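The lines below spell out each chain.
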Amino acid sequence: MIEKIDGFAYILGDDINTDDIVPSHTLTMRDVDEMAKCTLEFIDPTFAKNSAQGNIIIAGDNFGTGSSREEAVYVFKVLGIKAIIAKSFARIYFRNLINLGIPGIIVSWNESIFSKGDNLEISLNEGVITNKTKGVKIEFEKLPNFLTKILEEGGILNQLKKTLKG
Amino acid sequence: MGYTIAEKILINHSNLKSISPGQFIDCNIDLIMVHEQLGGRIHKEYEKLEIDYVWDPNKIFFILDHWVPAPTISAAQMHQDCRKFAEKYKFIHNFGYQLDKGICHQVLPEMGFSRPGMLIVGSDSHTTTYGAFNCLATGIGATDVSVVFATGKLWFRVPESFQIIMSGKFNKGVMSKDFILTLIGNISTKGAIYKSLEFHGQGAKNLSIDGRMTISNMVVEAGAKFGIFQPDNKLETWLVNRTKEPYKLVTPDNDANYENTLEYNLSEITPVVAKPSNPGNIAGIEEVEGIEIDQAFLGSCTNGRMEDLRIAAKILKGNNIDPNTRLIIIPASKEIYMEALREGLMEIFLSAGAVVGNCTCGPCIGGHLGVLGSEEVCISSTNRNFKGRMGDPTSEVYLASPAVVAASALKGRIADPREVL
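It should be emphasised that the depicted structure is a prediction, and the values quoted were computed from it without experimental measurement.

**Here we look at the interface of chain A and chain B**
The partner chain B presents 48 residues to the 38 residues of chain A that form the contact. The interface formed by chain A and chain B holds seven salt bridges in total. With its nearest N and O atoms 2.7 Å apart, the salt bridge here joins Asp81 of chain B to Arg30 of chain A. Across the chain A-chain B interface, the total number found is 25 residue pairs in polar contact (both at pLDDT 80 or more). By residue class, the composition of the side of chain A that touches chain B is 15 nonpolar, 11 polar and 12 charged.

As structure tokens, then:
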């Protein structure tokens, strides 16, 4: 069982791509904390600094489109992002999210449901997001069991390590 | 109930007797391609597994191409990390030292590693390129690469398939790039998320292998997982000189189920561009003609092949590029570079005023050999025009065919190649 996720909404639009999340010039950086400081720098240069106040990302369609660069998920992990809610995800990005243990949740939403700074509680087990600020509940389709298990293990490599040792 | 090409290849790589779209299945991987990502996140993640082997060192293809030769100290260190890993795990197909080879998605097929019926994954989203060779190929991230390195297996969601029926031939000055950009514009950058695109019909057969690779390469810009062509004589002729390994051609069943069918007559396709900053932001050439450019780039895994260089040479021959414009040309591989040299294309390019670079991804990712400054405009034969993709975040990239790129370099502004051919 995964505990409920509690955090604050940060709103992004459609087609946020992997170059938006981690620009190419950061990809040869060996220090991930330095790389994480550049997260979304062309869209919101203050994002990394203020990530604690916006640690659940709410995005539009096709989130994470573009490159296979897993850094575009990893920097969010480094910055303490707890979940990403989007209208739809790019295929590779969705895999990368689950593999690194960050829940990706598909929800159709509008501004009456989520706004910046809203306090949200996500129950992956029940498939429900509670917007505590607005007093609304939103249901979503739960992930298949085998993906939930990867999240419970904190990522696919933790799971694989156990299997290889077992 | 029949199967699509994607379904047939997935079944052949699973231990299942039947599958259907939406189902999650485990598959055995035939080949995995890795590049600089090996020295990025992959080597660090893999070490966490605390194992001293990879599942099959003969099924890993490793090459450096993004920042080649290393333009910065950090890139050089990344290359060192890659080579150490490849040596530690005794990769057989280790091209970490051969910086002359070229871009992964060109070199791997040239060496006969992408063959009909195979299931290939790679640490790069444009791994879909190999679909031109009637195999299933798609991009994955660093952690998935680690899973494959350790086990040789990966989970897949069986995709729904789209059938794209093509007829006719392109008119003069129109290329596969115009077709794939038109398709992405029509279905949007989210229009094929998780889908397998299958290209059918006489129009597909009329395309060169180079042209098919351009189309399979960019299906990912519409969100697709695979972009696969049917086998034909052209493919078999291409393979004869590339591989001695056996392979099995894969065709769809007559009663295969397609979620969507789209039809295109290639003679109706006209030159288009993708305006900044999204590959789905498509406009006809007439709408953007005359926009001044600072740089034109011809190259990348999308359009750095002989067909691309030949049409550019035809346009540039005997001419000089606009004096206020830079033209950068990068052949996708050494094989192409040398063929272009023998055909005399390099002399045409150099005489016209182009800078010809070594085989690398280079400017496509704003890496090196042509990074854009603030508010500069580039017309580029590459695949992505995201904000800041090729340099400064205020620079702008228009994606176009090699013919449009060459015509624009001549004029110093976006130009219609049909007027100069």
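**As for the nonpolar core**
Across soluble globular proteins, nonpolar side chains have a tendency to be buried as a group. Phe63, Phe76 and Tyr93 of chain A together with Phe91 and Phe149 of chain B are the most contacted members of the largest nonpolar core, which has 105 residues in total. The element that contributes the greatest number of residues to this core is helix H5 (residues 142-151) of chain B, accounting for six residues. The residues touching Phe91 of chain B, leaving out its near neighbours within four places in the chain, are Val34, Leu38, Val54, Pro57, Ile60, Phe62, Phe85, Ala86 and Phe149 of chain B. Ala296, Ile348, Ala352 and Val404 of chain B belong to the second-largest nonpolar core, a separate cluster that totals 42 residues.

**Focus on the pairing of strand S8 (residues 161-167) of chain B**
Both faces of the sheet carry side chains from a regular strand, because those side chains alternate between them. Residues and elements named next belong to chain B. Burial analysis of S8 places five of its seven residues in the buried class, which makes it a mostly covered element. When S8 meets strand S9 (residues 196-200), the two strands line up parallel, connected through five bridges. Directly across from Ile164, in S9, lies its bridge partner Phe199. As a crossover connection, the stretch from S8 through helix H6 (residues 176-187) into S9 is right-handed. Note: S8 against strand S11 (residues 260-265), six bridges, orientation parallel. Among the inter-strand pairings, Ser167 is bridged to a residue of S11, identified as Asn265.

**Considering the pairing of strand S15 (residues 326-329) of chain B**
Residue and element names in this part refer to chain B. Strand direction decides the pairing type here: strand S14 (residues 295-298) and S15, joined by four bridges, are parallel. By the bridge assignment, Phe297 is partnered in S15 with Ile328. Following the backbone out of S14, through helix H11 (residues 306-316) and into the adjacent parallel S15, one traces a crossover that is right-handed. Sheet topology note: the S15/strand S16 (residues 355-356) ladder contains two bridges and is parallel. Note that in S16 the partner of Ile328 across the bridge is Val355.

Rules of the game
- Residues numbered from 1 in each chain as written.
- Chains lettered and ligands numbered in written order.
- Predicted model: local features only at pLDDT ≥ 70, side-chain atom pairs only at ≥ 80, totals over all residues.
- Heavy atoms only, no water.
- Contact = heavy atoms within 4.5 Å.
- Salt bridge = Lys/Arg side-chain N within 4 Å of Asp/Glu carboxyl O.
- Polar contact = N/O pair within 3.5 Å; in protein donor to acceptor, adjacent residues only side chain to side chain.
- Nonpolar A, V, L, I, M, F, W, Y, C, P; charged D, E, K, R; others polar.
- Core = buried A, V, L, I, M, F, W, Y, C linked by side-chain atoms within 4.5 Å.
- Buried < 20%, exposed > 50% of the residue type's maximum accessible area, 1.4 Å probe, protein only.
- Helix = DSSP H or I, 4+ residues; strand = E, 2+ residues; numbered from the N terminus.
- Pairing = 2+ DSSP bridges.
- Right-handed = clockwise from strand over helix to strand, strands pointing away.

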